[in-house]
Amino acid sequence: MVLHLRRQQWLEMVGHSYRCLPEEACGLLSGLPGGPVERFWPCPNADRSARTYAIDGRELLRVERRLEDEGEGEEIVGVVHSHTHTDAYPSPTDVERAALLGDWHFLIVSLRHPEPEARCYRITDGAVDEVAIVLSGA
Amino acid sequence: MSVSVRLPTILRTHAGGLSEISAEGGTVGEVVDDVVRQFPGTSSHLKAPGGGLHRFVNVYLDDEDVRYLGGLETPVGAGAKLSIVPAVAGGWG
């Protein structure tokens, strides 16, 4: 399994993660199901917390409706959040709360080290599988 | 009373692929119960084992979070729009 991501999107996610410090950052990914990520949608962290994140349901609805109005078949395919002081691996909270998110990709940006690191996972019935991120283009 | 209910992606497979359905009820709780009656496969995603809403599900009535209205007891009027939205949350804590 791989997740295709353009370099620009990677930079947007990492930039958003730094801008939100000291709080955790979050956002959504959209694309055609099974295809590359088309867009990163930064969202406010409704928790305003350095330890947890939450995306307000109205933000999710806003993005979903916009994608439906565009009518190109693009859907929300994943969620991004940052770990400000830990590795880019899903926490028990992340795993527990993934239950209702289907086959979304979970992309985590770790700011623990001087170099940011992004890793992607699928979480199914509590099992965590890493998905390789393939960067392309500009 | 019939209201329109928007379903999150994960529930659509249990509702014939529909993103929006009609359900009956005079309160948010009754409408949710009717969704489960029509599409029993949605039950484990919508309902908590001890009753009430699954804790990772949020319900919006015309874009207002029902937790800040009257919860499941919130009355729904004709033509209301209910949106069921998964809670997207987590963190390292």
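Structure's up top.
Residues numbered from 1 in each chain as written. Chains lettered and ligands numbered in written order. Predicted model: local features only at pLDDT ≥ 70, side-chain atom pairs only at ≥ 80, totals over all residues. Heavy atoms only, no water.

Asks: Whenever I open this one, helix H1 (residues 7-20) of chain A confuses me. Can you help?
Replies: Residues three or four positions apart in an α-helix share a direction because the helix packs 3.6 residues into each turn. With 14 residues, H1 of chain A should reach 20 Å at 1.5 Å per residue; the first-to-last C-alpha distance of 20 Å fits that figure. If you follow the buried residues of H1 of chain A, they end up packed against strand E1 (2-6), strand E2 (26-31), strand E3 (37-43), strand E5 (75-83) and strand E6 (105-110) of chain A. (Helix = DSSP H or I, 4+ residues; strand = E, 2+ residues; numbered from the N terminus. Expected span 1.5 Å × (residues − 1). Contact = heavy atoms within 4.5 Å.)

Asks: Would you mind going over the pattern of salt bridges with me for this structure?
Replies: Working definition: two side chains of opposite charge can pair if their charged atoms are close together. All names here are of chain B. Within this structure, the stated rule accounts for 17 salt bridges over all chains. For the salt bridge of arginine 37 with aspartate 34, the shortest nitrogen-to-oxygen distance reads 3.5 Å. With arginine 37 and aspartate 34 both in helix H2 (residues 28-38) and 3 residues apart, the pair spans about one turn of that helix. Accessibility expressed as a relative area gives 60% for arginine 37, which makes it exposed. Notably, a salt bridge pairs aspartate 65 with arginine 67, separated by 2.7 Å at the nearest N-O pair. (Salt bridge = Lys/Arg side-chain N within 4 Å of Asp/Glu carboxyl O. Buried < 20%, exposed > 50% of the residue type's maximum accessible area, 1.4 Å probe, protein only.)

Asks: It is not clear to me how the interface of chain B and chain A should be interpreted in this structure. Could you clarify?
Replies: Bring the parts together and some accessible area is lost; that lost area is often taken as the interface size. Between chain B and chain A, the contact holds 22 residues from the first and 30 residues from the second. Along the contact surface separating chain B from chain A lie 4 salt bridges. The closest approach of N and O atoms between arginine 6 of chain B and glutamate 64 of chain A, which form a salt bridge, is 2.8 Å. Counting across the interface, chain B meets chain A through 8 residue pairs in polar contact (both at pLDDT 80 or more). Only helix H1 (9-12), strand E3 (57-61), strand E5 (81-86) and strand E6 (88-91) of chain B provide two or more residues apiece to the side of chain B that touches chain A. If one sorts the elements of the side of chain B that touches chain A by residue count, E6 of chain B sits on top with 4 residues. Grouping the amino acids of the side of chain B that touches chain A by side-chain chemistry returns 10 nonpolar, 7 polar and 5 charged. Sheet topology places strand E4 (residues 52-55) of chain A next to E6 of chain B; 4 bridges connect them, and they run antiparallel. Note on E6 of chain B: the bridge partner recorded for alanine 54 of chain A is alanine 89 of chain B. (Polar contact = N/O pair within 3.5 Å; in protein donor to acceptor, adjacent residues only side chain to side chain. Nonpolar A, V, L, I, M, F, W, Y, C, P; charged D, E, K, R; others polar. Pairing = 2+ DSSP bridges.)

Note that all results are geometric; they support no functional claim without further evidence.
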